[in-house]
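# Fold and geometry: a report
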Amino acid sequence: MKKWMVLAALGLSGCAQISNYDEAVKTPAPVELQGNWQTVGPQSKLISGQAMGSLIIGAEGDTLDCRQWQRVIAKPGKLTRLSDEWVNVTRQVRVMPITLENGELRYDGLRMRKVDQPTVECQQALEQVAKRPKEAVIQDIQPQIMEPVSVPAQK
């Protein structure tokens with residue numbers, strides 16, 4: 001009985017499953033989605049009011065979900081179409097819808113706006129993704145907020 005209810009719920013939801021990252025077809029991004037998207041101000045889906053979320057969408061459909069606060073967590077992925085909507089599929093096989101409304105991108109519970117450049121940390125993450133194409137998560141980038149501050153010696 002439980003199996004039947006779960007199958008019925010999945011069927012009614014209209015969502016197909018992506019169970020393997022390699023099976024998801026990378027789709028070139030439409031011009032309006034291409035670029036660097038970043039959260040503006042505090043958001044409840046982030047761990048702190050100082051945390052920041054970014055989504056980088058390349059023309060060919062490569063993506064990078066980059067979150068930063070006391071550490072940087074960057075998840076490479078790809079853009080694809082699923083059940084008539086744009087989604088980001090990370091290498092961890094997490095599938096998250098992307099919608100664009102009035103110049104704001106809605107993604108994983110976040111509101112984002114287009115910016116000219118990704119943060120320094122996300123740029124570093126992009127470099128690491130190129131060097132480590134099979135890693136599902138890049139977590140060894142030190143955020144600037146955590147770098148030691150040099151204080152001039154007192155005389």
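Preceding this section is the structure that the text describes.
Read on for a plain summary of the structure. Computed from a predicted structure; not experimentally measured.

Quick notes on the rules
Residues numbered from 1 in each chain as written. Predicted model: local features only at pLDDT ≥ 70, side-chain atom pairs only at ≥ 80, totals over all residues. Heavy atoms only, no water. Helix = DSSP H or I, 4+ residues; strand = E, 2+ residues; numbered from the N terminus. Buried < 20%, exposed > 50% of the residue type's maximum accessible area, 1.4 Å probe, protein only. Contact = heavy atoms within 4.5 Å. Areas by Shrake-Rupley, 256 points an atom, 1.4 Å probe, with all protein chains shown as cover. Pairing = 2+ DSSP bridges. Polar contact = N/O pair within 3.5 Å; in protein donor to acceptor, adjacent residues only side chain to side chain. Core = buried A, V, L, I, M, F, W, Y, C linked by side-chain atoms within 4.5 Å.

## Details of the overall build of the protein chain
Counting its secondary structure elements, the protein chain contains two helices and eight strands. The secondary structure elements of the protein chain, listed N-terminal to C-terminal, are α-β-β-β-β-β-β-β-β-α. Counting every position in the protein chain, which comprises 155 residues, the buried fraction comes to 39%. Taking the intrachain contacts of the protein chain between residues at least 6 apart in sequence as the baseline, contacts between residues at least 24 apart amount to 54%. For the protein chain, the exposed surface amounts to about 9800 Å²; the carbon and sulfur share of it is 53%.

## Notes on the pairing of strand 1 (residues 35-39)
In the case of a regular strand, side chains alternate between the two sheet surfaces. Taking burial as the measure, the five residues of strand 1 include four buried ones, the bulk of the element. For strand 1 and strand 2 (residues 52-57), the ladder comprises four bridges, and the chain directions are antiparallel. Paired with Trp37 across the strands is Leu55, a residue of strand 2. Pairing of strand 1 with strand 8 (residues 110-115), which is carried by four bridges, proceeds in the antiparallel orientation. Along strand 8, the bridge assignment pairs Thr39 with Met112.

## Considerations on the environment of Gln34
Note on placement: Gln34 falls in the loop between helix 1 (2-13) and strand 1. Since its relative accessible area comes to 25%, Gln34 is described here as partly exposed. For Gln34 and Glu60, which are 26 residues apart along the polypeptide, the C-alpha to C-alpha distance reads 9.0 Å. In this structure Gln34 touches Ala29, Ile57, Gly58, Ala59 and Lys114, once residues within four positions along its chain are discounted.

## Re the side chain of Thr27
Relative to the helices and strands, Thr27 is located in the loop between helix 1 and strand 1. Reaching out from Thr27, the side chain makes a polar contact with the backbone oxygen of Val25 at a distance of 3.2 Å.

## Examining the nonpolar core
One broad rule of soluble globular proteins: the nonpolar side chains tend to lie buried together. Core analysis: the largest hydrophobic core is formed by 15 residues, its most contacted members being Leu33, Leu55, Ile57, Leu79, Ile98, Leu105 and Met112. For this core, the secondary structure elements donating two or more residues are strand 2, strand 6 (95-101), strand 7 (104-107) and strand 8. Apart from residues no more than four positions distant in its own chain, Met112 is found in contact with Trp37, Gln38, Thr39, Gly53, Ser54, Leu55, Gly103, Glu104, Leu105 and Tyr107. In this structure, Ile56, Cys66, Ala74 and Val129 belong to the second largest nonpolar core, which totals 10 residues.

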